[in-house]
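Notes for the structure review
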Amino acid sequence: MTVTTASTTGDAIEPRPDVVTLTIDGVQTSVPKGTLIIRAAEQLGVAVPRFCDHPLLDPVAACRMCLIEVEGMPKPQPACAVTCSDGMVVKTQMTSGVADEAQRSVMEFLLINHPLDCAICDKGGECPLQNQAMTNGQGDTRFDGPKRTFPKPINLSAQVLLDRERCVSCARCTRFAEQIAGDPFIELLERGSQQQVGIAAGIPFNSYYSGNTIQICPVGALTSAMYRFRSRPFDLVSTPTACEHCASGCSLRTDSRRNSVMRRLAAVDPDVNEEWNCDKGRFAFRYLESDRRLSTPLIRENGQLRSASWNEALVAAAAGLKAATGKTGVFTGGRLMVEDAYAYSVFTRRVLGTNDIDFRPRGSSTEEEMFLANRVAGRGLGPTYADLEASQTVLLVAFEPEDESPIVFLRLRKAARAGTQVVSIAPSASRGLVKTGGTWIPAAPGSEAFVVDDLNDDWVAALGQPGAVILVGQRAAASEGLLSAVVRLADRTGANLGWIPRRAGDRGAVDAGLLPTLLPGGRPVADAAARVDTAAIWGVADVPEAPGRDITGMLAAIESGDLEAILVSGVRMDDLPTGSEAGLRDARFVVALDTHHHELVELADVVLPVAAAPEKAGTFINWEGRKRSSSQALTTSLMSDARVLAALAGELGFDDIDGDPARLRAQLDEFAGWEGARVGSPEVVAADPETGTGFLLATWRPLLEPTAMQEGEPYLAATAPKRQVWLSPSEAATIGATEGQPITVSGASGSVTAPLVVTEVAEGTVVVTGDAYRSVGHIDGRVQVAV
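Residues numbered from 1 in each chain as written. Predicted model: local features only at pLDDT ≥ 70, side-chain atom pairs only at ≥ 80, totals over all residues. Heavy atoms only, no water.

1. Quick look at the overall build of the protein
Put simply, the test is: Secondary structure elements follow DSSP: runs of H or I of four or more residues count as helices, runs of E of two or more count as strands, with numbering from the N terminus. To get the radius of gyration, use the C-alpha atoms; to get the globule rule, take the number of residues to the power 0.38 and multiply by 2.2 Å. Classification of residues uses two cut-offs on accessible area relative to the type maximum, computed with a 1.4 Å probe and protein chains only: under 20% is buried, over 50% is exposed, and between them is partly exposed.
Along the protein, the regular secondary structure elements total 26 helices and 36 strands. In terms of overall dimensions, the protein is globule-like: its C-alpha atoms have a radius of gyration of 29 Å, near the 28 Å expected for 787 residues. Projecting the C-alpha coordinates of the protein onto the three principal axes gives extents of approximately 85 × 65 × 60 Å. Split into buried and exposed, the 787 residues of the protein put 60% on the buried side.

This is the structure we're talking about:
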């Protein structure tokens, strides 16, 4: 908002059609039409007290704390709900006794039943009610009767607890749930002194965004089951960090005490997460204190892993890698900050002398590799959150934002409430799509490319309008020809094309060159000029020119003996394609850099522990291509991946490999702005959809699932969505099933039984939700469905 002011000497402000001019506390100011009085006062530095007001929520004037005097009106008005008008004269509590008395009276009423438990309240020390009771309240109370009390706390969900007697009925939480998250599970119940926040019987507040209501509650009525009574604000050390869980790139404030994270809050970042974050980013940090954390190096001796010194472990790792010179592959996962990702890229090419590196443990395709190299790598900032909000049409392809990038979902919902049309090409109309009021275009698994190519003229025309956006998810790689079809559609319509991976480190991995045919900054391995440019930045004579193997190729090469050693980082066994364990056991030598014990680490010959994201400073790159700096919140004796790789390189005779994150980031920045040759666009033609008996299986990984980075947080785990089986009404009738009936889905990878939900699903398709993908796979061909 742009505001201009004039002095109290009476200087006139030139009138404009898009602004109104008013006077606040004797100061004349101009603001855009529609501006609330409370916002105009803020621009002048006047703090009007408030509880219900929030800049990202619709005004409701529930608490009446912001009463001010407006000339010409018979009684005080709520500054949070009245818009400025031309010629209006406003007096706040700073210049009006009427406004001051009104605010003090409201505060007195609010405190009548509010408990005097500030000394134990989680909000104590950062409480707007505390602060404003001192600045805008009475010095003592006239009330001497018994206060209203309720049994406390009550569980709105496993994660969110309510102390009802603290509530001032500001409706911040209920408005957030309805307007922002689209999860109206909580509401103000009863009337008068019995009014309270509540839930419907048997329907808990299991929203992916419930933690935001705790943060915006101004009085400590809503508290976290995890944080309740654990600390006080003045005990905490606050550190600005970035979320390490998904590609949304949320800004967070990490609060720690005695080198242990106590809580996380959403930080204000208007360009990205505004003032919100998801519950996974807010609560999933107990993994840092898991019993399975690695703290010392391990080496295999007589078939068993044992503790070792750093020197012993580095010497053993170097010896094993040296014995497999030219026959070592590198697998990396999605937890890496971009500095660490770049360190793996340098280590692979310079020390190991190979391009056998891939960050896609789920499996890979040449089509996806070409898409990433052509449309993502080194492209800088692509479509942004602001572009989503400004767009008239957003098309989602193989992407479920609520589960796979929750802040993208919040921005899409905000845009949809303002008129943006959200369209999804998917096997089913998901809960998230319904909450955006979106349009579902059915596409059975494997047929998505044909649906994209055959999109009707109305949607093609809509995507041809300025500002239209196409968002394609990481799952598109599993459907042959889909990424090629999406590129064709974007080129034909001129729509902005964005790729949204699941994990926080994936976009940075692409830019850092963690692909077998791609050097940092989008430079193709096959291009001589790109190799010369890369060698010059690295200060070496040359870099490997033979394209490497992707993860599928490396697993095959291990089985055939063409690869003998594997360096793996941040990859779990269930991240890999089905059947990978047998192939990995065939590797002669495995070095693992990781934070936790898990099945793949147990296969390693040398294990080198590394610091987790809150234990080091670095940068994530979110789906937009925006850098998200994260400061070190905790101290640790463990090193980052980059420093461990530098030490390992030293043991292999490469003493000039740098492990300093700041210098690595600066060197990676030198790769920006590549104007040379690029890998061509993918042009894969989709095969005809598979035919056969049974159903096509569709599923996706939910936001909340039993993974290593959600360990140690039972309250969060309890709010995860339950497994369900979705069928269309016609398919449910065909098998004789009814809503809620247990249904078994069986495939080559296993089976799962869950209650049936009859909803909109593509013909011949069954959808399994929750963590059921672990039992039946992601897309596993044909499956059988039975009652």
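Picking up after the structure, the text goes on.
2. Brief notes about the packing of aromatic side chains
Rules: Paired rings are identified among Phe, Tyr and Trp, the last through its six-membered ring, by centres lying within 6.5 Å, and are further divided according to the angle between planes into stacked (under 30 degrees), edge-to-face (over 60) and tilted (the rest).
For the structure shown, the criterion picks out six aromatic pairs. Where Tyr 385 meets Trp 623, the ring centres are 5.3 Å apart and the plane angle is 80 degrees; that geometry is what we call edge-to-face. Residue Tyr 385 is found in helix 10 (residues 385-390), and its partner Trp 623 is found in the loop between strand 29 (618-621) and strand 30 (627-630); the two are separated by 238 residues along the sequence. Ring centres of Trp 700 and Trp 726 lie 6.1 Å apart, and the angle between their planes is 75 degrees; this geometry places the pair in the edge-to-face category. Of this pair, Trp 700 sits in the loop between strand 31 (695-698) and helix 24 (714-717) while Trp 726 sits in strand 32 (residues 725-727), placing them 26 residues apart in sequence.

3. Examining helix 2 (residues 97-112)
Applied cut-off: The length a helix should cover is 1.5 Å for every residue beyond the first. In what follows, residue pairs with any heavy atoms lying within 4.5 Å of each other are defined as contacts.
Over its 16 residues, helix 2 runs 23 Å from end to end, which matches the ideal 22 Å to within 8%, given 1.5 Å per residue. Within helix 2, the full set of buried residues consists of Ala 99, Ala 102, Gln 103, Val 106, Met 107, Glu 108 and Leu 110. Taken together, the buried residues of helix 2 touch strand 4 (67-70), strand 6 (89-91) and helix 3 (128-136).

4. Focus: the sheet that holds strand 14 (residues 260-266)
Across a sheet, strands are paired by hydrogen bonds formed along the backbone, either parallel or antiparallel in direction. To keep things clear, this is the line we draw: The pairing criterion for strands is at least two bridges between them, as found by DSSP. For helices, the fitted line uses only the C-alpha atoms of the stretch in contact; every axis is such a line through C-alpha atoms, and the angle between N-to-C directions lies from 0 to 180 degrees.
Read from one edge of the open sheet, three strands run 12-13-14, paired in antiparallel fashion. The open sheet has two edge strands, strand 12 (237-242) and strand 14, and neither has a second partner. Averaged over all pairs of adjacent strands, the angle between strand axes in this sheet comes to 30 degrees, irrespective of strand direction. Pairing between strand 12 and strand 13 (residues 251-257): six bridges, direction antiparallel. Bridging from a neighbouring strand, Thr 239 pairs with Thr 254 of strand 13.

5. Re the pattern of salt bridges
For the record, the criterion: By salt bridge we mean one thing: a side-chain nitrogen of Lys or Arg within 4 Å of a carboxyl oxygen of Asp or Glu.
Inspection of the entire model under this criterion finds 57 salt bridges. Notably, a salt bridge pairs Glu 301 with Arg 306, separated by 3.1 Å at the nearest N-O pair. Accessibility expressed as a relative area gives 40% for Glu 301, which makes it partly exposed. Look at Arg 306 and you get partly exposed, because its relative accessible area is 27%. The shortest N-O distance in the salt bridge between Asp 669 and Lys 627 comes to 2.9 Å. Taken together, the positions of Asp 669 in helix 23 (residues 661-669) and Lys 627 in strand 30 put the pair 42 residues apart, joining distant regions of the chain. Overall, Asp 669 belongs to the partly exposed group, its relative accessible area being 38%. Residue classification places Lys 627 among the partly exposed positions, given a relative accessible area of 46%. Taken together, the salt bridges that share partners define one network made up of Asp 117, Lys 152, Asp 163, Glu 165, Arg 166 and Arg 228.

6. Concerning the packing of helix 2 against helix 3
We count it as follows: With respect to orientation, any angle under 35 degrees is reported as roughly parallel, any angle over 145 as roughly antiparallel, any angle of 65 to 115 as roughly perpendicular, and every other angle as oblique. For any pair of crossing helices, the crossing counts as left-handed if the nearer helix is rotated counterclockwise from the farther one by less than a right angle, and right-handed if it is rotated clockwise. Residue type decides the class: Asp, Glu, Lys and Arg count as charged, Ala, Val, Leu, Ile, Met, Phe, Trp, Tyr, Cys and Pro as nonpolar, and the leftover types, Gly among them, as polar.
Between helix 2 and helix 3, whose axes approach to 10 Å, the crossing angle comes to 135 degrees. In this view, helix 2 runs oblique relative to helix 3, as classed from their interaxial angle. As helix 2 packs across helix 3, the resulting crossing turns out to be left-handed. Residues Gln 103, Arg 104, Met 107 and Leu 111 of helix 2 form the contact with helix 3, whose participating residues are Leu 129, Gln 132, Ala 133, Thr 135 and Asn 136. Residues of the contact of helix 2 with helix 3, tallied by class, amount to four nonpolar, four polar and one charged.

7. Let's talk about the sheet that holds strand 21 (residues 439-442)
Here we have five strands laid out as an open sheet, ordered 21-20-19-22-23, and parallel in their pairing. A single partner strand is all that each edge strand has here, and the edge strands are strand 21 and strand 23 (496-500). Strand-to-strand twist in this sheet, taken as the mean axis angle between neighbours without regard to direction, amounts to 20 degrees. Bridge count for strand 20 (residues 421-426) against strand 21 is four bridges, and the pairing is parallel. What sits directly across from Ser 424, in strand 21, is Trp 440.

8. Remarks on the environment of Phe 450
Inspection of the secondary structure puts Phe 450 in helix 14 (residues 448-453). We classify Phe 450 as partly exposed; its relative accessible area is 28%. When neighbours within four sequence positions are excluded, Phe 450 is seen to be in contact with Ala 686, Ala 687, Asp 688 and Pro 689.

9. Structural notes on the confidence of the model for the protein
What counts is decided by this rule: Scored from 0 to 100, pLDDT records how confident the predictor is in each individual residue.
Taken residue by residue, the protein gives an average pLDDT of 92. The fraction at 70 or more is 97%. Within the model, the stretch residues 1-10 combines pLDDT values under 50 with 25 contacts to residues more than four positions away or in other chains.

10. Some words on the nonpolar core
Looking at soluble globular proteins, one finds that nonpolar side chains tend to be buried together. Using the following cut-off: In this description, a nonpolar core means a group of buried Ala, Val, Leu, Ile, Met, Phe, Trp, Tyr and Cys residues linked to one another through side-chain atoms lying within 4.5 Å.
Core analysis: the largest hydrophobic core is formed by 102 residues, its most contacted members being Ile 37, Val 408 and Leu 471. With 89 residues, the next largest nonpolar core counts Ile 299, Leu 321, Val 460 and Leu 608 among its residues.

11. Notes on unusual backbone geometry
Looking along the chain, the bond that leaves Lys 152 and enters Pro 153 is cis, with omega of -10 degrees. Tracing the chain through its elements places Pro 153 in the loop between helix 3 and strand 7 (154-155). For Ala 61, which is not glycine, the phi dihedral falls at a positive 55 degrees. Its identity as a non-glycine residue notwithstanding, Ala 398 has a phi of 50 degrees, on the positive side. By the secondary structure assignment, Ala 398 is in the loop between strand 19 (393-397) and helix 11 (401-404).

12. Focus: the side chain of Arg 502
As a reminder of what qualifies: Side-chain atoms alone can form a polar contact between residues adjacent in sequence; in general such a contact is a pair of N or O atoms within 3.5 Å, and within protein one must be able to donate a hydrogen while the other accepts it.
Residue placement: Arg 502 occurs in the loop between strand 23 and helix 17 (506-512). In terms of polar contacts, Arg 502 uses its side chain to reach the side chain of Glu 705, at 3.4 Å. Sequence-distant contacts of Arg 502, that is, excluding residues within four places in its chain, are made with His 245, Cys 246, Ala 247, Glu 404, Gln 474, Arg 701 and Glu 705.

13. Quick look at the domain arrangement of the protein
To be explicit about the condition: What fixes the domain bounds is an automatic or database domain assignment. Note on definitions: buried area is the accessible-area loss of two parts on being combined, 1.4 Å probe, summed for both.
By the assigned domains, the protein splits into domain 1 (2-112), domain 2 (376-504) and domain 3 (696-786). Each partner contributes to the interface: domain 2 provides 18 residues, whereas domain 3 provides 18 residues. Together, Asp 403, Pro 445 and Arg 502 form the three largest contributors to the area buried by domain 2 at its contact with domain 3, with a combined 35%. At the surface where domain 2 touches domain 3, the tally comes to one salt bridge. Glu 705 is paired through a salt bridge with Arg 502; the nearest N and O atoms lie 3.4 Å apart. At the junction of domain 2 with domain 3, the criterion picks out five residue pairs in polar contact (both at pLDDT 80 or more). Among the secondary structure elements, those contributing two or more residues to the side of domain 2 that touches domain 3 are helix 11 and strand 21.

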